[in-house]
Amino acid sequence: MFYYMFFPHALLSYLCAAEVNESFHMGDLMEGTYCSRIFSNCDKKRCVLQSPNYPGLYPRNLTCYYAIRQHTIPYGQQALISITQPYSRLVSIKTDRPNPEGADPKPVERKDWSKCDNVPDFVTVYDGYTTRDPILLRFCGSGETVPVTTSSGPELLVQFSTSPYGTLMYPFGPLHGFQLQVQVHFVDIESIKYTKNKRCEFWIRNTGRGWLHAPYHSLPENTTCWYHLQATPAGVAAAGYPVDRESGSGPRYKVWVSVLKFYVTGPQTRDCTTNLMVWDGNSSCHPFCDSRNASSSEYQHNNSTLLANYCPGQTPRSCDHFLLTRQQRPCTLSESFLSTSRSLTVQLNIQHATALRPVSFKALYEFVDLHQDGSSWPETGSMCSRIFRRPTHSPSSTIAIRSPKNVFFYGRGGNKNLSCVFRLEGQPGDVAKVTILTIGSGDRSCYSRLNKDRGTLQCVGDIGSSLSVLDEVNGPKTMLVPRHCLCSTNASLLPYTFVTLGSKASMVWDVFNMNSTEDFRLHYFEATVQFVRREVVLKRCEVKSNLLTGPGGHFTFHSHHNTTCESHFVILTQQKYTNSYLYAKLPGLAMPDSSHAVPNNTQHVHCPTNNRFIVHAGDTVHTVVCPDPYYTVEVFSDGWHTRDVMSNSSRDIVIEFIPIDPGSYTVSWIQLSSRIRADGPYCHSQCPELDACINESLWCDGVEHCPSGYDESFGYCMHLLYTHLVYSIALTVAIIIVAVSSGLTILWFRRFRSASSAVAGCRSPSSKSAETEAVVSARDVVY
């Protein structure tokens, strides 16, 4: 016999619940059962699970099944079923306790799992549609809320069991029973937000990046989750790049993982049975092994190495700051993990069911693409610089040139600035035909435009992320002359094709001042290059080049009609780089808006002629000059103002003349050195306005070499003439004296020889001659 006892407050609760229940869906009663119900498509209605007679006293010796299934699922998604009750007063499952007679009853509390083994009434939640599926939660008692318990699929089963017998309620206690809310969630079918086939194992095979976390649904106790991170397997092309083939130099991809947090709810234990492990390599476990019987020796058969073991309350290497700040600093390698191969495994071991003891972890993974086109070129000191040579097996083949995708080169990998040089090297007589396909400059306010003065592309704005194309001009030292500058993705200009001047050129890609969010997705470029013979290129402007050296001089550019395709290069150079520099003076006016890269606020300069000079001096001076006899442009070679004698940059000055209109222009140049020579005193042949010395042979030679004409000034040249005249007179007098002295000496010598001959001829041959000679000889010896 069952007794139903109603009290005023209980009756009020019942009437209120009855009024609310009109908008609830209580499920459809299963045929042939007393209380089992079926719920379908609860995403369209408010489904509620209730014990029989709720909020009244439920019957004894009863088992009720509440089967929930979601039939309508959007394409490409998976449905998850959740039950919960956030209000503790709506959950009160009867517990019988023997209390001493007259003693106050102990307060009732909610229990779970093994604590419900000796309790007659309890609720069990299954991850599926049958009682053979994993158990997600078992609870009994009352006094607490029911946590959110979520299935791993579109089906969930709730079982309510009562004992065959029981005692009556406490006289003024609450009514027994429960009410649970049902919710339906949809997640992407290709995600790690839920487990497939009740096995918590995920295979992530791609070349991108993403997040690792525990499944969004509840997990049963003693569960092991595997996250296998593997780059695109060999033989599969990715993102238009060549097929990945493992080589002796190492894998193309590596896996970068940063653990941001790992937290386990509830009291912490020292046995570390719930933990997070990071393995270098492809680690896996037998389908029947779990965290309880899997030993470390079982993982070593896959040649994997344990990198870290996270226990509750212990974080051996964490990048948690990434979640705490708005402008994150990048995760460094000292607080993250980088695999040695293209595989890495994360293992999550769970001892207790997560419905009552949720496990929260978050990790950021990324497949680092180490591939770079071309061959390594370490001469620049940059890891991303490459060299591209004309293929010998297929000389006319097209070569791909792309910016690197290695995240450690960019701001998100901890690198603030990036500069890569892509060198093009053909055979003598070759030129490179380059086509720029795409280019991205992130959030830099920069765009490319065609400059009519230069006939090349020009960057306007912030060139913090840009691609520069430089031709190589050979002197005693090689100089790179900028030709084109590209930034942003101007669809009207791309693809853009140009031809280099010679067989050697460079493409310099610079990205400066990156923050922790910038990478190759924001800054990139793609191009192709083809080496062809010079004579194959149609309508190519021939370049006439002259190499001038010496203490100084002047030369004249002539422009006639129909000379549009004739560019003239004059290279001013020195035989040896000592303490000397070069100075050139051109008739014209510098045009600030015609450089290969200019700011947004430049002013255009009107030029009366279409002819142009393009002047290059070192790595910093690249100026377009409008020829004009009323103005003068002075150019110093690189290093003159800093007097950097040890600099490796070229001190040559390259002047390119682009003739279009008729005209004739004279350019003068001199070799400079410091006013104070190495031996200390001031030099005499100096240009005061330049604060420099010039070669003495240039003084008073009839040509003005100093800008002010000081080397041809009348006073100084007359002084030199007077000095030279005095020296000439003195030299003439000395020569005359020497000549007179020599003549007198020769005359005296001849007269002496004549006197001697006369004495010898007058002597008689007597008998005493021999005796006389003997006496004279004896006198010479004695003397």
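Anything mentioned here points back to the structure above.
We now turn to the structure provided with this report. The structure presented is a predicted model; accordingly, all values stated were derived computationally and were not measured.

The next subject is the overall build of the protein. Across its full length, the protein holds 5 helices and 44 strands. Counting over 783 residues, the protein shows a buried share of 46%. Restricting to contacts in the protein with at least 6 residues of sequence separation, those with at least 24 account for 75%. Total accessible area on the protein is roughly 40900 Å²; 55% of this is exposed by carbon and sulfur atoms.

Taken as a whole and judged by the stated rule, the model has 18 salt bridges. Between Arg60 and Asp121 there is a salt bridge, and its shortest N-O distance comes to 2.9 Å. In this pair, Arg60 is assigned in the loop between strand 3 (48-50) and strand 4 (63-69) and Asp121 in the loop between strand 7 (111-112) and strand 8 (122-126), connecting sequence segments 61 residues apart. Since its relative accessible area comes to 14%, Arg60 is described here as buried. In this structure Asp121 comes out as buried when scored by relative accessible area, which is 0%. With its nearest N and O atoms 3.1 Å apart, the salt bridge here joins Asp369 to Arg252. Here Asp369 is found in strand 21 (residues 359-369), whereas its partner Arg252 is found in the loop between strand 15 (223-230) and strand 16 (253-264), with 117 residues between them in sequence.

Moving on, we get to the nonpolar core. Grouped together as the largest cluster of nonpolar side chains are 39 residues, with contacts concentrated most on Leu418, Leu424, Ile436, Met507, Trp509 and Phe525. If we skip the residues at most four places from it in the chain, Ile436 touches Leu467, Leu486, Leu494, Pro495, Tyr496, Phe498, Met507, Glu526 and Ala527. If you look at the next biggest cluster of nonpolar residues, it comprises 31 residues, including Cys200, Phe202, Val255 and Phe262.

The next subject is the sheet that holds strand 28 (residues 456-461). Strand order in this open sheet of 3 strands is 27-28-38, and the pairing throughout is mixed. Edge strands, defined here as strands with exactly one partner in the open sheet, are strand 27 (446-451) and strand 38 (597-598). Taken together, the 6 bridges between strand 27 and strand 28 define a ladder with antiparallel strand orientation. Within the sheet, the bridge partner assigned to Tyr447 lies in strand 28 and is Val460.

Let us look at the sheet that holds strand 9 (residues 135-140). Strand order in the open sheet made by the 7 strands is 1-2-4-11-8-9-7, with mixed pairing throughout. The sheet is open, and its two edges are formed by strand 1 (28-29) and strand 7, each paired on a single side. Inspection of the sheet shows strand 2 (residues 37-40) paired to strand 4 by 4 bridges, in the parallel sense. Bridged to Arg37 within strand 4 is Tyr66.

This part takes up the packing of aromatic side chains. Ring pairs (aromatic) are described by centroid distance and by the angle formed between their planes. Within this structure, the stated rule accounts for 21 aromatic pairs. With 6.3 Å between their ring centres and 65° between their planes, Tyr410 and Trp509 make a pair best called edge-to-face. Pair noted here: Tyr410 is in the loop between strand 24 (399-402) and strand 25 (418-425) and Trp509 is in strand 32 (residues 504-511), with a separation of 99 residues, a long-range link. With respect to class, Tyr410 is no different from Trp509; both count as buried. Judged by centre distance (5.1 Å) and plane angle (50°), the ring pair of Tyr583 and Phe636 falls under tilted. Of this pair, Tyr583 sits in strand 37 (residues 580-591) while Phe636 sits in strand 40 (residues 621-636), and the two are 53 residues apart along the sequence. Among the aromatic residues, those joined into a ring-pair cluster are Phe388, Tyr410, Phe422, Trp509, Phe520 and Phe525. Above the plane of the ring of Trp211 lies Lys362, whose end atom (NZ or CZ) is 4.5 Å from the centre.

Across all of its chains, the model carries 11 disulfides by this definition. The disulfide that involves Cys459 links it to Cys485, with 2.1 Å between the sulfurs. Linking Cys459 and Cys485, the disulfide has an S-S dihedral of approximately -100° and is accordingly described as left-handed. Taken together, the residues Cys459 in strand 28 and Cys485 in strand 30 (residues 479-486) connect sequence positions 26 residues apart. Given the relative accessible area of 0%, Cys459 is considered buried. Of the residues examined, Cys485 reaches a relative accessible area of 1% and is grouped as buried. The residue that forms a disulfide with Cys687 is Cys706, at a sulfur-sulfur distance of 1.8 Å. Measuring handedness by torsion sign, the sulfur bridge of Cys687 and Cys706 sits at about -70° and is left-handed.

What follows concerns the side chain of Asp471. Within the element layout of this structure, Asp471 appears in strand 29 (residues 465-473). Reaching out from Asp471, the side chain makes a polar contact with the side chain of Arg483 at a distance of 3.4 Å. Polar side-chain contacts of Asp471 include one of 3.2 Å to the backbone nitrogen of Leu501. Those residues within four positions of Asp471 in sequence are excluded, and the remaining contacts are Met479, Leu480, Val481, Arg483, Thr500, Leu501, Gly502, Lys504 and Ala505.

Its location among the elements puts Pro316 in the loop between strand 18 (305-310) and helix 3 (321-324). Distance in space between the C-alpha atoms of Pro316 and Val259 is 9.9 Å, their sequence separation being 57 residues. Apart from residues lying up to four places away in sequence, Pro316 is in contact with Ala308, Asn309 and Tyr310.

Let's shift gears to the pairing of strand 39 (residues 612-617). Extensive coverage of strand 39 is indicated by the burial of 6 of its 6 residues. As paired strands, strand 39 and strand 40 are joined by 5 bridges and run antiparallel to one another. Looking at strand 40, one finds that Ile614 is bridged to Val624. Linking strand 39 to strand 40, which pair antiparallel, is a turn of 3 residues; within it Gly618 sits at a positive phi near 70°.

What counts and what doesn't
- Residues numbered from 1 in each chain as written.
- Predicted model: local features only at pLDDT ≥ 70, side-chain atom pairs only at ≥ 80, totals over all residues.
- Heavy atoms only, no water.
- Helix = DSSP H or I, 4+ residues; strand = E, 2+ residues; numbered from the N terminus.
- Buried < 20%, exposed > 50% of the residue type's maximum accessible area, 1.4 Å probe, protein only.
- Contact = heavy atoms within 4.5 Å.
- Areas by Shrake-Rupley, 256 points an atom, 1.4 Å probe, with all protein chains shown as cover.
- Salt bridge = Lys/Arg side-chain N within 4 Å of Asp/Glu carboxyl O.
- Core = buried A, V, L, I, M, F, W, Y, C linked by side-chain atoms within 4.5 Å.
- Pairing = 2+ DSSP bridges.
- Phe/Tyr/Trp six-rings, centres within 6.5 Å; stacked < 30°, edge-to-face > 60°.
- Lys NZ or Arg CZ within 6 Å of the ring centre and 35° of its normal.
- Disulfide = S-S within 2.5 Å.
- Polar contact = N/O pair within 3.5 Å; in protein donor to acceptor, adjacent residues only side chain to side chain.

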